[in-house]
Amino acid sequence: MRFAIREATLADAAGIAHVHERSWQVSYHGILPASVLDKIDVGQRLASRERILRARAGLNLVAYDCTHGDIVGFCDAGRARGEAHIDGEVYAIYFAHHAKRHGLGTEMFERTRDWMEARGMRSMIVWVLANNPHARRFYEVAGGRADRTKQSQVGGFPVIEQAYVWDRI
Ligand SMILES: CC(C)(COP(=O)(O)OP(=O)(O)OC[C@H]1O[C@@H](n2cnc3c(N)ncnc32)[C@H](O)[C@@H]1OP(=O)(O)O)[C@@H](O)C(=O)NCCC(=O)NCCS
């Protein structure tokens, strides 16, 4: 077994911030302009990650390399934000390039659904950049249904986000 998944601890903050930054640079190349990707501030990411992990408000999972323990991915989930009829939300899911397509996303989703189900949540939403076909395919394979879109901004750049909804998790 090359990779495994566990709940994140505060000590993982730097590893998660690093994967987040790298995954953005690699995965969003050609999806977001370089001027936006170049603005990513790892220090800020680290500070916000530490806040998230201290708050312990939702589910924070990490994937790690079993050989040396390095963090290779993460997933954040919790109650849906600003949704009247949807219970849970996956806020973020990112993997380092070498850890993609090993089934870790699928396993993270399964653990997230179990976590939500145990808290009485029955439905779930994820927002994805509409021009991110890889992640969209992953959500479709995971059983998500394309729902509405919204206009939004990333680093001041206008984007369209697509919602995927699971009516029954
Ligand atoms: C999208 C992402 C989270 C998927 O995680 P993953 O661990 O690679 O996904 P899995 O290995 O569990 O894939 C399950 C299935 O989803 C589909 N899938 C996953 N990635 C895909 C891709 N790049 N292209 C097409 N289909 C894909 C495949 O059907 C795959 O099954 P297969 O590998 O047996 O063919 C991961 O690729 C990632 O971190 N991407 C960059 C960051 C990102 O875009 N995050 C989403 C932000 S909203």
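Residues numbered from 1 in each chain as written. Predicted model: local features only at pLDDT ≥ 70, side-chain atom pairs only at ≥ 80, totals over all residues.

### A short note on the sheet that holds strand β6 (residues 145-154)
Then step 1. With respect to topology, seven strands assemble into an open sheet ordered β1-β2-β3-β4-β5-β7-β6, the strand pairing being mixed. The open sheet has two free edges, formed respectively by β1 (3-7) and β6, since each of these has just one partner strand. On average, adjacent strands in this sheet sit at an angle of 25° to one another, irrespective of strand direction. (Pairing = 2+ DSSP bridges. Helix = DSSP H or I, 4+ residues; strand = E, 2+ residues; numbered from the N terminus. Axes fitted to C-alpha atoms, helices over the stretch in contact; angles between N-to-C directions.)

### What to know about the site of the ligand
Then step 1. Taken together, 19 residues form the shell around the ligand, and within it S27, K100, G105, T106 and H134 come nearest.
Then step 2. When contributions to the shell around the ligand are tallied by element, the ones reaching two or more residues are α1 (13-27), β4 (88-95), α4 (104-118) and α5 (133-141).
Then step 3. Considering each element in turn, the shell around the ligand owes the most residues, five residues, to α5.
Then step 4. When the residues that make up the shell around the ligand are grouped by side-chain class, the tally is eight nonpolar, eight polar and three charged. (Near = placed C-beta within 6 Å. Nonpolar A, V, L, I, M, F, W, Y, C, P; charged D, E, K, R; others polar.)

### Let's talk about the nonpolar core
If you look at soluble globular proteins, the nonpolar side chains tend to sit buried side by side.
Then step 1. One finds I16, V62, V72 and F74 to be the most contacted residues of the largest nonpolar core, which totals 37 residues.
Then step 2. In this view, I16 contacts A8, R49, V62, I71 and F74; residues no more than four positions away in its chain are not counted. (Core = buried A, V, L, I, M, F, W, Y, C linked by C-beta atoms within 7 Å. Buried ≥ 20, exposed ≤ 12 C-beta atoms within 10 Å, placed from the backbone. Contact = placed C-beta atoms within 7 Å.)

### Some remarks on the packing of α1 against helix α3 (residues 42-55)
For any two helices packed against each other, one specifies the crossing angle of their axes together with the interaxial distance.
Then step 1. Closest axis-to-axis distance for the α1/α3 pair is 9 Å, and the angle between their directions is 130°. With respect to each other, α1 and α3 are oriented oblique. Our pair here, α1 against α3, has a crossing hand that is right-handed. Contacts from A13, A14, I16, A17, H20 and E21 of α1 reach α3 at V42, R45, L46, R49, E50 and L53.
Then step 2. The residue inventory of the contact of α1 with α3, partitioned by class, reads seven nonpolar, one polar and four charged. (Parallel < 35°, antiparallel > 145°, perpendicular 65-115°, else oblique. Left-handed = near helix turned anticlockwise from the far one by under 90°.)

Shape is all these values report; function is a separate question.
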